[in-house]
Amino acid sequence: GESVGLHLPTLSVQEGDNSIINCAYSNSASDYFIWYKQESGKGPQFIIDIRSNMDKRQGQRVTVLLNKTVKHLSLQIAATQPGDSAVYFCAETPPFGGTSYGKLTFGQGTILTVHP
Amino acid sequence: NAGVTQTPKFQVLKTGQSMTLQCAQDMNHEYMSWYRQDPGMGLRLIHYSVGAGITDQGEVPNGYNVSRSTTEDFPLRLLSAAPSQTSVYFCASSPQNRGHLLEKLFFGSGTQLSVL
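Thresholds, definitions, all that
Residues numbered from 1 in each chain as written. Chains lettered and ligands numbered in written order. Predicted model: local features only at pLDDT ≥ 70, side-chain atom pairs only at ≥ 80, totals over all residues. Heavy atoms only, no water. Pairing = 2+ DSSP bridges. Helix = DSSP H or I, 4+ residues; strand = E, 2+ residues; numbered from the N terminus. Axes fitted to C-alpha atoms, helices over the stretch in contact; angles between N-to-C directions. Contact = heavy atoms within 4.5 Å. Buried area = accessible area lost by both parts, 1.4 Å probe. Salt bridge = Lys/Arg side-chain N within 4 Å of Asp/Glu carboxyl O. Polar contact = N/O pair within 3.5 Å; in protein donor to acceptor, adjacent residues only side chain to side chain. Nonpolar A, V, L, I, M, F, W, Y, C, P; charged D, E, K, R; others polar. Buried < 20%, exposed > 50% of the residue type's maximum accessible area, 1.4 Å probe, protein only. Lys, Arg positive; Asp, Glu negative; His and termini not counted. Core = buried A, V, L, I, M, F, W, Y, C linked by side-chain atoms within 4.5 Å. 1 Å grid on protein atoms, 1.4 Å probe; cavity = no way out; pocket = protein on both sides within 12 Å on 5 of 7 lines; lining within 4 Å. Points joined across faces, edges and corners; volume = space filled by probe spheres on them. Disulfide = S-S within 2.5 Å.

Enquirer: Report on the sheet that holds strand 1 (residues 4-7) of chain B, specifying residues and quantitative values.
Expert: Residue and element names in this part refer to chain B. With respect to topology, four strands assemble into an open sheet ordered 1-3-8-7, the strand pairing being antiparallel. Where the open sheet ends on each side, the last strands, each with one partner, are strand 1 and strand 7 (64-66). Shown here is a sheet whose adjacent strand axes are inclined to one another by a mean of 20°, direction ignored. Where strand 3 (residues 19-25) lies against strand 8 (residues 76-78), three bridges are found, and the strand directions are antiparallel.

Okay, here's the thing in structure tokens:
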């Protein structure tokens, strides 16, 4: 079946550095991608999203890049702060009208640790 | 505005017992879903609903039942608890209606369930 996976399960950076978290997806029909942040003991929190008709989207200190050719998604965090330490998940959604509509699929997750 | 509320936060069951995990949202969201999260793994979809009266199975539905009699509530029932169901359970909702693209999910704070 289709799956969403992450290249790096852990990432350690120094405060102030830029962080890049990667995600590979295998369902070429997916048309919507989301990044979530999960802090210890809490539910996932939405960070940023991107649709398949875009290749880049920027938020506050975060940028998501989508490369449909190689089915790759990345999350860039600028000037990483200790408060950014968390598990980051990518997720994909199938297109409306398909049999998988409504089934959001999450990747394994990457643990980001920011050292002061 | 409370968002997505899950109860209880913690629960211990004996094998074979049944129970219901409650989920309520006050944002008038049509879409609701249940995920389980196991150590080292991403979130796996159990069941979801695109509107009141409509439910469907996710990736790991066995051993769980759901119903959606109102827009606000989406309870998850464990019919006969097994140790394999020890996990953290998250409920999530989205403002998307049937006929619209699924977008970002709002998550509850989770229920930690242990089955002995």
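Enquirer: I'd like a rundown of the interface of chain B and chain A, residues and numbers included.
Expert: Counting from both sides, the interface comprises 23 residues of chain B and, opposite them, 21 residues of chain A. With both chains or domains summed, chain B and chain A bury close to 1,800 Å², and 59% of this area falls on carbon and sulfur atoms. Taken together, the links from chain B to chain A amount to zero salt bridges. On the surface where chain B and chain A come into contact, there are four residue pairs in polar contact (both at pLDDT 80 or more). Classifying every residue of the side of chain B that touches chain A gives 12 nonpolar, nine polar and two charged.

Enquirer: Outline the side chain of Glu92 of chain A, listing residues and values.
Expert: Residue and element names in this part refer to chain A. With respect to the secondary-structure elements, Glu92 resides in strand 9 (residues 86-93). Buried and unpaired, Glu92 has no salt bridge, with Lys71 as the nearest side chain of opposite charge at 9.1 Å. In terms of polar contacts, Glu92 uses its side chain to reach the side chain of Ser30, at 2.3 Å.

Enquirer: Residues and numbers for the nonpolar core, please.
Expert: If you look at the biggest cluster of nonpolar residues, it comprises 20 residues, and the most contacted ones within it are Trp35, Leu73, Leu75, Tyr88 and Leu112 of chain A. Among the secondary structure elements, those contributing two or more residues to this core are strand 2 (10-14), strand 3 (19-25), strand 4 (32-38), strand 5 (45-51), strand 7 (62-67), strand 8 (72-77), strand 9 and strand 11 (110-115) of chain A. Those residues within four positions of Leu73 of chain A in sequence are excluded, and the remaining contacts are Ile21, Asn22, Cys23, Phe33, Trp35, Ile50, Val64, Leu65, Leu66 and Cys90 of chain A. In terms of nonpolar packing, the next biggest core, distinct from the first, is built from 19 residues, Leu13, Cys23, Val60 and Cys91 of chain B among them.

Enquirer: Before we move on, could you go through the environment of Gly83 of chain A and cite the residues and values that matter?
Expert: Checked against the element boundaries, Gly83 of chain A lands in the loop between strand 8 and strand 9. Once residues lying within four places of it in the same chain are set aside, the contact partners of Gly83 of chain A are Lys37 and Glu39 of chain A.

Enquirer: Give me the layout of surface pockets: which residues, what numbers.
Expert: Leftover empty space is mapped by rolling, across the atoms, a probe with the size of a water molecule. Empty space within the largest pocket amounts to approximately 540 Å³. Around the largest pocket, the lining is made up of 27 residues, and of these Gln38, Ser40, Gly41 and Val87 of chain A together with Gln37 of chain B lie nearest the centre. Elements that contribute at least two residues to the lining of the largest pocket include exactly strand 9 and strand 11 of chain A together with strand 9 (87-94) and strand 11 (111-115) of chain B. Sort the elements by how many residues they give to the lining of the largest pocket and strand 9 of chain A lands first, with three residues. A breakdown of the residues in the lining of the largest pocket according to their chemical character gives 10 nonpolar, 13 polar and four charged.

Enquirer: Just give me the short version of the pairing of strand 6 (residues 54-57) of chain B, but keep the residues and values in it.
Expert: All names here are of chain B. Of the pairings in the sheet, the one linking strand 5 (residues 43-51) to strand 6 comprises three bridges and is antiparallel in character. Each residue of the ladder has a partner; that of Gly51, found in strand 6, is Ile54. Following strand 5, the chain reverses through two residues before pairing antiparallel with strand 6; Gly53 in that reversal takes a positive phi of roughly 85°.

Enquirer: Give a description of the state of the cysteines that names residues and reports values.
Expert: Residue and element names in this part refer to chain A. Scanning the entire structure with this criterion turns up two disulfides over all chains. Cys23 shares a disulfide with Cys90; S-S distance 1.9 Å. On the sign convention where negative means left-handed, the S-S torsion of about 60° between Cys23 and Cys90 marks this disulfide as right-handed. Pair noted here: Cys23 is in strand 3 and Cys90 is in strand 9, with a separation of 67 residues, a long-range link. The exposure class assigned to Cys23 is buried, which follows from its relative accessible area of 1%. You can call Cys90 buried: its relative accessible area is 0%.

Enquirer: Could you give an account of the pattern of salt bridges, naming the residues involved and the relevant values?
Expert: Proximity of charged atoms lets side chains of opposite charge pair with each other. Residue and element names in this part refer to chain A. This structure, assessed with the given rule, holds six salt bridges over all chains. Where Lys37 meets Glu39, a salt bridge forms, and the shortest distance between an N and an O atom there is 3.4 Å. Close ionic contact of Arg61 with Asp84 constitutes a salt bridge, the shortest N to O distance being 2.9 Å. Within this pair, whereas Arg61 is found in the loop between strand 6 (56-58) and strand 7, its partner Asp84 is found in the loop between strand 8 and strand 9, the two being separated by 23 residues in sequence. Here Asp84 falls in the buried class, since its relative accessible area comes to 8%. A cluster of three or more residues bridged by salt bridges with shared partners is formed by Lys37, Glu39 and Lys42.

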